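Residues per chain, in single letters:
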Amino acid sequence: NKVFSSFDSLAERHGLEKIKTIGAAYMVAGGLNDESSVNYSEAIAQMALDMRDLLASDLSVNDHRLEIRMGIGTGPVVAGVVGKKKFIYDLWGDTVNIASRITAEGVPGMIQVDTATWRRLKDRFEFHEPQTIYLKGKGETEVHRLIGRK
């Protein structure tokens, strides 16, 4: 709860929308409301860096020394509420699948982004050399590992 509550505060500070938690996963999105005042790609990248740094440095929040893997995808999504009971706002689409799969293929502490995200961030953030990984349903896919701000 301390970790996810801290992430909620980061999402709010960066003008992003928390979508849900699933087990140990935390989903956040930007650009859903077309708020032109927020560069949501940059905000999500900065939030990911802040999440990583928070877990590495704040033992009052992360007393179990948890590590996380993160994946960021950029593109269209379908959003809405499903079901007739316990309504849950959710996101679906290829963008969500890519972000989830590059997260699963990452290593703890690493933030991996798809090529669309990298194109939006490459002038303001530093990245390792791209890697090609195999993603279920996508095949060989290039990913970029975010280091930090330039």
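That block above? That's the structure.
Residues numbered from 1 in each chain as written. Predicted model: local features only at pLDDT ≥ 70, side-chain atom pairs only at ≥ 80, totals over all residues. Heavy atoms only, no water.

Enquirer: Explain the overall build of the protein chain here, please?
Expert: Each helix and strand in the protein chain was counted, giving four helices and nine strands. Mapped in sequence order, the helices and strands of the protein chain form the string α-β-β-α-β-β-β-α-β-α-β-β-β. The C-alpha atoms of the protein chain give a radius of gyration of 15 Å, which matches the 15 Å a tight globule of 150 residues would have. In terms of overall dimensions, the protein chain has a C-alpha envelope of 45 × 40 × 35 Å along the principal axes. Across the 150 residues of the protein chain, 39% fall into the buried class. (Helix = DSSP H or I, 4+ residues; strand = E, 2+ residues; numbered from the N terminus. Rg over C-alpha atoms; globule rule 2.2 N^0.38 Å. Buried < 20%, exposed > 50% of the residue type's maximum accessible area, 1.4 Å probe, protein only.)

Enquirer: Just checking my understanding: could you explain the nonpolar core for this structure?
Expert: With 25 residues, the main nonpolar core has F7, M47, M51, I111, F125 and L146 as its most contacted residues. Counting only elements with at least two residues in this core, the list comes to α1 (2–13), α2 (40–57), β3 (70–72), β6 (111–113) and β7 (125–127). When residues of this core are assigned to their parent elements, the largest contribution, nine residues, is made by α2. (Core = buried A, V, L, I, M, F, W, Y, C linked by side-chain atoms within 4.5 Å.)

Enquirer: What's the story with the pairing of strand β9 (residues 139–149) in this structure? I'm lost.
Expert: Judged from the three bridges that link them, β6 and β9 form a sheet pairing that is antiparallel. In the strand pairing of β9, Q112 is matched with R145. As judged from the three bridges shared by β7 and β9, these two strands associate in the antiparallel manner. Opposite F127, over in β9, you have L146 as the bridge partner. With five bridges joining them, strand β8 (residues 131–135) and β9 adopt antiparallel strand pairing. Paired with L135 across the strands is G139, a residue of β9. Joining the antiparallel neighbours β8 and β9 is a turn of three residues, in which G137 adopts a positive phi near 80°. (Pairing = 2+ DSSP bridges.)

Enquirer: Is there a simple way to think about helix α3 (residues 94–104) in this case?
Expert: It helps to recall that an α-helix has 3.6 residues per turn; residues three or four apart then point in one direction. Residues of α3 that are buried: T95, V96, I98, A99 and I102. Buried residues of α3, viewed axially, fall in a sector of 165°; they line one side. On its buried face, α3 sits against β2 (25–29), β3, β5 (88–92), β6, β8 and β9. (Arc of directions from axis to C-beta. Contact = heavy atoms within 4.5 Å.)

Enquirer: Just checking my understanding: could you explain the packing of aromatic side chains for this structure?
Expert: When we look at a pair of aromatic rings, we describe it by the centre distance and by the angle of the planes. Per the counting criterion, the structure on display carries three aromatic pairs. With a centroid separation of 6.1 Å and an interplanar angle of 45°, the aromatic rings of F4 and F7 are classed as tilted. In this pair, F4 and F7 are both assigned in helix α1, three residues apart and thus about one turn of the helix distant. Exposure remark for F7: the relative accessible area of 2% places this residue in the buried category. Taken together, a centroid distance of 5.6 Å and an interplanar angle of 40° make the contact between F4 and Y26 tilted. Of this pair, F4 sits in helix α1 while Y26 sits in strand β2, and the two are 22 residues apart along the sequence. By relative accessible area, which is 16% here, Y26 ends up buried. An aromatic cluster of three or more residues is present, and its members are F4, F7 and Y26. (Phe/Tyr/Trp six-rings, centres within 6.5 Å; stacked < 30°, edge-to-face > 60°.)

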